[in-house]
Amino acid sequence: RSRFLEATNSYTYTIEYQPNPFDASLVYTLEGKIPQQVGFPKVAALGCFGRDDTTDKQKLADALLAEEPDVIVLQGDQTYFHQNLLYGFFETVYSLRDVLKDVPTIVQLDDHDYGTGNLWGAENMEEDSGVGFPKAPCIVNMKQDLAMGHLPDSASTSTLQTGITVHYTNLVWGEVDFAILEARKFKSYSSGGTILGSEQEAWLSQYCSDSSKVKVVLSQTPFSNLATDYYYTGGSLTSNEERSALDSNGYPVPGRVSALSILENCGSTDVVVLSGDIHMTAAVYYDDYGISECSSAAAVNDVFWRLTSYEKNKVSQDVFGNTLRLLDVYNVADDIMDKYISPGSTRAASDEDKHLRGDGFLVFTSGAMTCTARGYRTGSEVFWEVTVPPPNVPVEAGTPSPTSSPDPEEPALCWEDSCLVSKFYKWLCPMQFGCEACPDKDAVCQRLCEGCSEGQPMGGVDCDCSSLPPPPPPPLPAPD
């Protein structure tokens, strides 16, 4: 980090790398720009890069550059390579290098960046326990230092009980003060627990006490369960994802109430939250708190599809009883769900179909206070655009979703594709649910025991790997 640059000036820089200290003839050079940090920045926010491991994301890079953003926010899920987290992050940064070398970038880490799908950092223990992280603390800290070491110093010098370091902080850019939250690290699996943890909440209260700037809050995942329907595999929609809904910041409800109560009176204008994670771009307004939230699309939407059936501009309740008003949304096109049996089967699809599945990013213009959901596969397409907070228009009462929180122990699940078919399944190893309702437990255990470590939850299946027969040998090659 360069600590002594004036925010009112712009700069150019050159980085030189000589891989062999004994061979001065081989030098790699990277040149870039550091812009002024004045006024009201235009933000491009993106995340959820899917399991498409190609490094060719030039169309995405070109679309981002065409927006001329002042700030990039990588919101999380920069990689789905759970067994190779560092490479996965390098791959994303390399593929977006034409953008990142000239546009200052805020990085947040989400569950897949930590090597798991869905993450409650505290699980059912103390809020700073860190027991929910599946990777060793040394690996977690290495990844955090790699991805977030350029950010302002953490607001806290504390660590989790496991030794995992803390990185929530804020960044002032001209007239905007960004709060960079850690919504995973202290999150409880208990219905009476926290999301941000008491220490982060105390810091957030102090952050909000300064009303000299516009406050923009960056959160890994939305503060309500925006999705009502889910398309994972098998060619059909599933309503109420139940325990995976607990992954949103709509749960635990007391933790959400604490966070939004702090943000209710924060800064010189109504707070705007920018979030990601859910593979569905939407804008909502929380009328009971006066807070707007815009959620970005998946940059590469090939893992799972979430949709919402909430009616626009009607007050609704999510599955936890949280009140929200949907301003706009882009749902995956019906034609695409009819055409493909799973999101993963669209990886070789045309750009037109990838646009219709919702690949894109979010643009937030802090001066005009607008959120715009953009696609990039077939040009600069706009999925939706809203002003935040929304103008005063008549609000109708919608039909609420069930208000009782789903029981973390019910219902039992069987994600058949991942539990029994797909080559991508190791993310199930630290999961406490997902395969427990599959009828052929031996087949599930045979599969998971090959890729998971003894003692891991293995998708909620009680597998005794030591008692399983060895896998059959591969078939002999056919004779010539």
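Above this text is the structure in question.
Residues numbered from 1 in each chain as written. Predicted model: local features only at pLDDT ≥ 70, side-chain atom pairs only at ≥ 80, totals over all residues. Heavy atoms only, no water.

S.K.: How should I be thinking about the overall build of the protein in this particular structure?
M.R.: Across its full length, the protein carries 10 helices and 20 strands. Taken across its 480 residues, the protein has 54% of its residues classed as buried. Expressed as a percentage of contacts within the protein between residues at least 6 apart in sequence, the contacts between residues at least 24 apart total 70%. Carbon and sulfur atoms provide 51% of the accessible area of the protein, an area that totals close to 20,300 Å². (Helix = DSSP H or I, 4+ residues; strand = E, 2+ residues; numbered from the N terminus. Buried < 20%, exposed > 50% of the residue type's maximum accessible area, 1.4 Å probe, protein only. Contact = heavy atoms within 4.5 Å. Areas by Shrake-Rupley, 256 points an atom, 1.4 Å probe, with all protein chains shown as cover.)

S.K.: What is the right way to read the pairing of strand 11 (residues 272-275) from this model?
M.R.: Regular strands show a simple pattern: their side chains alternate between the two faces of the sheet. Residues of strand 11 alternate between two faces, with Val272 and Leu274 on one and Val273 and Ser275 on the opposite face, all of them buried. As paired strands, strand 8 (residues 214-218) and strand 11 are joined by 3 bridges and run parallel to one another. Note on strand 11: the bridge partner recorded for Val216 is Val272. Pairing geometry for strand 11 and strand 13 (residues 291-295), over 4 bridges, is parallel. When the bridges of strand 13 are listed, Ser275 appears paired with Ser295. (Pairing = 2+ DSSP bridges.)

S.K.: Sorry, what's going on with the sheet that holds strand 3 (residues 42-46) here?
M.R.: Strands pair in a sheet through their backbones, by hydrogen bonds, and they do so in one of two ways: parallel or antiparallel. One open sheet holds the 6 strands; their spatial order is 5-4-3-17-18-19, and the pairing between them is mixed. Every other strand in the sheet has two partners, leaving strand 5 (105-107) and strand 19 (381-387) as the edge strands with one partner each. Here the strands of the sheet are splayed against their neighbours by 20° on average, with no regard to which way each runs. Of the strand pairs in this sheet, strand 3 and strand 17 (residues 360-365) are connected by 4 bridges, and their pairing is antiparallel. Bridge pairing links Ala44 to Val363 in strand 17. (Axes fitted to C-alpha atoms, helices over the stretch in contact; angles between N-to-C directions.)

S.K.: Sorry, what's going on with the sheet that holds strand 9 (residues 229-231) here?
M.R.: Pairing in this open sheet of 3 strands is antiparallel, and the strands run 10-9-14 from one edge to the other. Strand pairing shows two members of the sheet lacking a second neighbour, strand 10 (238-239) and strand 14 (305-307), which therefore form its edges. Of the pairings in the sheet, the one linking strand 9 to strand 10 comprises 2 bridges and is antiparallel in character. Residue Tyr230 lies in a different strand from strand 10, and its bridge partner there is Thr238.

S.K.: Hey, could you run me through the packing of helix 2 (residues 85-95) against helix 4 (residues 137-148) in this one?
M.R.: How two helices sit against one another is set out by the angle between their axes and by the gap between those axes. Running from amino to carboxyl end, helix 2 crosses helix 4 at an angle of 10°, the nearest separation of the two axes being 10 Å. When the interaxial angle is binned, helix 2 and helix 4 end up roughly parallel. Here the hand of the crossing between helix 2 and helix 4 comes out right-handed. Across the interface between the two elements, Leu85, Leu86, Phe89 and Phe90 from helix 2 touch Met142, Lys143, Leu146 and Ala147 from helix 4. For the contact of helix 2 with helix 4, a count of residues per class yields 7 nonpolar, no polar and 1 charged. (Parallel < 35°, antiparallel > 145°, perpendicular 65-115°, else oblique. Left-handed = near helix turned anticlockwise from the far one by under 90°. Nonpolar A, V, L, I, M, F, W, Y, C, P; charged D, E, K, R; others polar.)

S.K.: What is the right way to read helix 1 (residues 58-67) from this model?
M.R.: In an α-helix, one turn spans 3.6 residues; hence positions three or four apart end up facing the same way. Of all the residues in helix 1, the buried ones are Leu60, Ala61, Ala63, Leu64 and Glu67. Angularly, the buried residues of helix 1 cover 165° about the axis, an arc narrow enough to put them on a single face. The secondary structure elements touched by the buried residues of helix 1 are strand 3, strand 4 (71-74), helix 3 (97-100), strand 17 and strand 18 (370-375). At the exit of helix 1 stands Glu68, carrying a positive phi of roughly 50°. (Arc of directions from axis to C-beta.)

S.K.: Is there a simple way to think about the pairing of strand 19 in this case?
M.R.: Sheet topology note: the strand 18/strand 19 ladder contains 6 bridges and is antiparallel. The residue of strand 19 that forms the bridge with Gly375 is Glu381. What sits between strand 18 and strand 19 in their antiparallel hairpin is a turn of 5 residues, with Gly379 showing a positive phi close to 120°.

S.K.: Hey, could you run me through the nonpolar core in this one?
M.R.: Among soluble globular proteins, nonpolar side chains are generally buried collectively. Membership of the largest hydrophobic core comes to 101 residues, with the highest contact counts inside it found for Leu274 and Trp384. The leading source of residues in this core is strand 12 (residues 282-286), at 5 residues. Once you skip the residues sitting within four places of it in the chain, Leu274 turns out to touch Val43, Gln75, Val216, Val217, Leu218, Ser219, Cys294, Leu362, Phe364 and Cys371. Judged by nonpolar contacts, the second largest core, of 26 residues, contains Tyr251, Cys419, Cys429 and Cys463. (Core = buried A, V, L, I, M, F, W, Y, C linked by side-chain atoms within 4.5 Å.)

S.K.: What is the right way to look at the environment of Ala437 in this model?
M.R.: With respect to the secondary-structure elements, Ala437 resides in the loop between helix 9 (416-421) and helix 10 (441-451). On the basis of relative accessibility, which here comes to 36%, the residue Ala437 falls in the partly exposed class. Each C-alpha atom, one on Ala437 and one on Gly460, is 8.9 Å from the other, the two residues being 23 residues apart in sequence.

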